[in-house]
Amino acid sequence: MNKQGRPTGVGELGEAGRKTFTGNRGLAQEELLIFERDSGACGVDLDEPDAFEDRLGGNRRKNSIGLPGLSEPDVMRHYVRLSQKNYAIDAGLYPLGSCTMKHNPRLNEKIARLPGFADVHPLQPTKTAQGALELIELVAHWLKVLTGMPAVAMSPKAGAHGELCGMMAIHAALEARGEGKTRTRVLVPESAHGTNPATAALLGYTVDSIPATKDGRVDVEAFKAKLGPDVAAIMLTNPNTCGLFEKDIKEIADALHDVGGYFYCDGANFNAIVGRVRPGDLGVDAMHINLHKTFSTPHGGGGPGAGPVVLSEALAPFAPLPWVIERNGRLKFADVAEQVEEVGGSTFGRMTAFHGQMGMFVRAAAYMLSHGSDGLRQAAEDAVLSANYVLASLKDTMSAPFEGPCMHEALFDDAFLKDTGVETLDFAKAMIDEGYHPMTMYFPLVVHGAMLVEPTESESKASLDLFIATLADLAESAKRGETDRFAGAPYLAPMRRLDETQAARKPVLTWSPPAPAQAAE
Amino acid sequence: MRYLPLTEPDRQAMLARIGAGSIDDLFVDVPDEARRGGLVDLPTRQGELEVERLLGAMAAKNTPAGSVPFFVGGGAYKHHVPATVDHLIQRSEFLTAYTPYQPEISQGTLQYLFEFQTQVAMLTGMDVANASMYDGSTACGEAVLMAHRVTRKKKAVLSGSLHPHYRAVVENLSEFAGYEVDPGAPVLDGTEDIIARIDDETSCVVVQNPDFFGNVRDLRAIADAAHAKKALLIVAFTEVVSLGMVTPPGEMGADIVVGEGQSIGNALNFGGPYVGLFAAKQKYVRQMPGRLCGETVDAEGKRGFVLTLSTREQHIRREKATSNICTNSGLCCLAFTIHMSLLGEEGFGRLARINHANAVKLADQLEDVGGVEIVTPTFFNEFTIRTPKNARDLIDEMADKGVLAGVRVSRLWPGEDSLDDLVAVASTEVNTEADRAAFVAVLKEVLS
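Just so it is clear, the model here is predicted, and its values are computed rather than measured. (Residues numbered from 1 in each chain as written. Chains lettered and ligands numbered in written order. Predicted model: local features only at pLDDT ≥ 70, side-chain atom pairs only at ≥ 80, totals over all residues. Heavy atoms only, no water.)

Peer 1: Go over the packing of aromatic side chains, please, and point to the residues and values.
Peer 2: For the structure on display, the rule yields 18 aromatic pairs over all chains. Ring geometry for Phe114(B) and Phe305(B): centres 4.7 Å apart, planes at 40 degrees, overall tilted. Highlighted residues: Phe114(B) in helix H5 (residues 107-124) and Phe305(B) in strand S9 (residues 303-307), separated in sequence by 191 residues. Site record: aromatic cluster; members linked through ring pairs are Phe416(A), Phe427(A) and Phe486(A). The residue whose ring lies beneath Lys157(A) is Tyr274(B), and the NZ or CZ to ring-centre distance is 5.7 Å. The ring of Phe27(B) has Arg276(A) sitting right over it, with the charged end atom 4.1 Å from the ring centre. (Phe/Tyr/Trp six-rings, centres within 6.5 Å; stacked < 30°, edge-to-face > 60°. Helix = DSSP H or I, 4+ residues; strand = E, 2+ residues; numbered from the N terminus. Lys NZ or Arg CZ within 6 Å of the ring centre and 35° of its normal.)

Peer 1: Account for the interface of chain B and chain A, with residues named and values stated.
Peer 2: Contact with chain B, which involves 196 residues of that partner, is made by 205 residues of chain A. A combined buried area of about 17300 Å² lies between chain B and chain A, and 62% of that area is made up of carbon and sulfur atoms. Sorting the residues of chain B by area buried against chain A places Glu104(B), Phe176(B) and Phe270(B) first, and these three jointly supply 6% of that buried surface. Counting across the interface, chain B meets chain A through 20 salt bridges. The partner of Asp382(A) in a salt bridge is Arg11(B), with the nearest N and O atoms 2.7 Å apart. (Contact = heavy atoms within 4.5 Å. Buried area = accessible area lost by both parts, 1.4 Å probe. Salt bridge = Lys/Arg side-chain N within 4 Å of Asp/Glu carboxyl O.)

Peer 1: Lay out empty space enclosed by the protein in plain terms, naming residues and giving numbers.
Peer 2: Rolling a probe over the atoms, with the probe sized like a water molecule, indicates the empty space that remains. Here the structure, examined in full by the defined rule, presents 10 cavities of 30 Å³ or more. Looking at the largest cavity, its volume works out to about 100 Å³. Forming the walls of the largest cavity are 13 residues, and the residues nearest its centre are His161(A), Leu164(A), Met351(A), Thr138(B) and Leu173(B). Of all the secondary structure elements, the ones that give two or more residues to the lining of the largest cavity are helix H6 (159-176) of chain A together with helix H6 (136-151) and helix H7 (164-177) of chain B. (1 Å grid on protein atoms, 1.4 Å probe; cavity = no way out; pocket = protein on both sides within 12 Å on 5 of 7 lines; lining within 4 Å. Points joined across faces, edges and corners; volume = space filled by probe spheres on them.)

Peer 1: So what's going on with the sheet that holds strand S5 (residues 262-266) of chain A? Residues and values would help.
Peer 2: Each strand in a sheet pairs with another by means of backbone hydrogen bonds, the pair being arranged parallel or else antiparallel. Residues and elements named next belong to chain A. The strand order S1-S7-S6-S5-S4-S2-S3 describes an open sheet built from seven strands, whose pairing is mixed. Both outer strands of the open sheet, strand S1 (151-153) and strand S3 (206-210), are each paired with one neighbouring strand and no more. Neighbour to neighbour, the strand axes of the sheet diverge by 25 degrees on average, direction disregarded. On top of the sheet, H6 reaches S1, strand S2 (185-189), strand S4 (231-237), S5, strand S6 (286-288) and strand S7 (309-311); it is set at about 175 degrees to S5, its chief contact. Helix-sheet contacts for helix H7 (residues 195-202) involve S2, S3, S4 and S5, and the interaxial angle to S4 is about 160 degrees. (Pairing = 2+ DSSP bridges. Axes fitted to C-alpha atoms, helices over the stretch in contact; angles between N-to-C directions.)

Peer 1: Give me the sheet that holds strand S3 (residues 180-182) of chain B: which residues, what numbers.
Peer 2: Residues and elements named next belong to chain B. Here we have seven strands laid out as an open sheet, ordered S1-S7-S6-S5-S4-S2-S3, and mixed in their pairing. Taken across any chain shown, the strands that pair with only one partner, and hence form the sheet edges, are strand S1 (128-129) and S3. In terms of strand pairing, strand S4 (residues 202-208) meets strand S5 (residues 232-237) through five bridges, oriented parallel. Across the sheet, residue glutamine 208 finds its bridge partner in S5, namely alanine 236. Sitting on the sheet, H7 is in contact with strand S2 (155-158), S3, S5 and strand S6 (256-260), with an inclination near 155 degrees to S3.

Peer 1: A description of helix H12 (residues 358-394) of chain A should follow, citing residues and the corresponding values.
Peer 2: All names here are of chain A. Helix length check: H12 (37 residues) gives 41 Å between terminal C-alpha atoms against 54 Å at 1.5 Å per residue, more than 12% under. The largest bend along H12 reaches roughly 95 degrees and is located at glycine 372. Within H12, 36 of the 37 residues are buried, which leaves the element mostly enclosed by the surrounding structure. (Expected span 1.5 Å × (residues − 1). Bend = angle between axes of the 7 residues up to and from the residue. Buried < 20%, exposed > 50% of the residue type's maximum accessible area, 1.4 Å probe, protein only.)

What follows is the structure in structure tokens.
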């Protein structure tokens, strides 16, 4: 009898206990490593060249590499199956605070792939790449206007690389003032991203931590007590990593400038204020902009990003190579110090081989033009509105450490989980079973069991309402003592909880072929 | 605005739940003098069609590599990327995922990172590799810092034929971090005496192979000399395809290997994004910068992958981290790993042989042009020619005649007059017989 389309019962074993021959569960298919799928096939058509004498001077590879061989269909299937084991912003809400997971317009991707951008070589004659240089100038112009800063260094490859760039510019400016050796201390608030202290330390600075106040901001009195003639800079994030605007920012900048230090602003959260606040008006000397966050490049499993750095008048002359300059109506690169000196600069050198993340510049330009100045402002407002909506809706069910409105991210702590036997980590893993990527956990460090939620501007109200209801349900469930829901979570993900301790204790970082089987006795 | 899902009634309802009268009330912490009342002086929103037209017109002003006979290299190379690569990396689940901090729902990213690490270790002949860096030049800078950490010595000795931009990145980073660099003068014949510059203060020796001019060499003597002084050998490369034919650095005694992975899977992109490759001996793994992915098991004993050894990284170790790197080039490393999987052992070897064969053919043809000299006796897919004409004029005039001939060496070594007549010429699998004929014909024309 044809039972097509009719509902059937779960059967004797039940869903969970049902075993399959392959280990697959319907569409959730197991996938071996590419090395274990080696079939000796080849996934490209390339003809062997005619016999010729090599010119490798006797340095020809003798041993095989060990790469697996697969046909094109097998490679396709391998990576499609892998992709299906990933959560992604296109699949659902990704409330990672401080990471800004928002919609990635595909128009940006389309334009970045135009041969006139994607297929241009960094060292081809600049007269054959005038459009590419124009695009760099377009993005530079927007960044300068939006931040109210006079100059921008485009070459840094990512946010942390931008931090390095900004701090190098500060160091170079101090050197030029004859204070390179005497200003040795960099002030970094407790709540800063780990990249801030790491960057300062990389440049040989002593990192001096500034405590936070009870309301989640820089303790201005403690900050002032640390000021002195040996302070090179402060590295401060604004809006900060607690999701709050540093109210005393002008006072901090002024006091720092009074003792001759420079203000480095971590611009990771610029997306909260773009179009509404210009960092140049706050006394900032250098700030990196995560183009991928504020102006939307897909995060691609962790990168690539781009981290241009806007610079104040004081630091502008020290921007890294190359500079884009105009000569006889044509744009070109100033690649060396002498060319930069001709236009009044004194660069601190080169940060990367070529001139930055062109692919990200194109995406940023497409995003900037699509939104326009009005749309960017609206996006910032919606991001802030969404975060405050989440905060206001959950602050009585969960617990919020700070009073008042937040910026684009809502911070909760684990006070509401006290004595429930459920920890932040378990709570987060239970969110996976509900179909959500967990929020940022345990950061910022200034809050116990921190949970930082950044919904961004790209969630609809219905999406936010469901998210809020889900978190409220989880919180109530924890408070009711339903620890089973949390302790072993996730139960429904492609994998159960992974053993990170074992991975770190006995690191296995590459695949090795199985040991050859023992010869038969 | 099509990217923003909230409607005006939504916004009002949300403000009401918050208890705020208007959006301005949410910006209450911003000092009045820092608030912008209106819009900044930039254009307002535009539709998809308008943006496509505007940026399309900008793109049309450039000459794409694929549209002309193209021989420009010098650290970035024009290769053919199979269509499958771009299709796969554009899958939403790869493209729009974040760093795999939640391994249970990030196995796709984690598994490809593990596969990437394995491929890079295999290619370079090293024990371990990290999960991608920004690009080859910054990976080179990080390798030098790592060598200082390992040896606790302060001076890096660079080969004079290391890519000048790599040298500049290393010098810049070292100077700020308080280390010394002995950069070496440009030497184009590949026989420079690096060994004489190694002393007890040397933390590492950085050699590029094939080098900037194209020379391929045996590094074993340099490795032995470095190791005798307890220094590390860092081998850099800008053309990863060379590893399909050239003895891998690991077999020549390298301790750290860094390189540019753009050639496999990634477009030229006018300089970025690219993907840095970084591999090392097992004993140095805890001093490596960047991300690492490791194998483990889940609660049911199933094999899975996680980010590991993160106690080296900035988000845990802060000012004591091995580097400040946070973002990597994950998607570019995915493109690399897919392209490499499509090639496999057979395809990768053949790709290398085609590249080398095409370069040999081109060199032979150029040598027959009166006055042109090939100054690099060994090479893989890029070699250097000396021409009777100033290289700037030569490349300029050839570009006007529709051939992008190569890199003027003095563009990267300004002020070195002896290099004014040198051009680095790269040839890959995309260069056809017709491309080579065009090169020769146009070269003859501008030299006549």
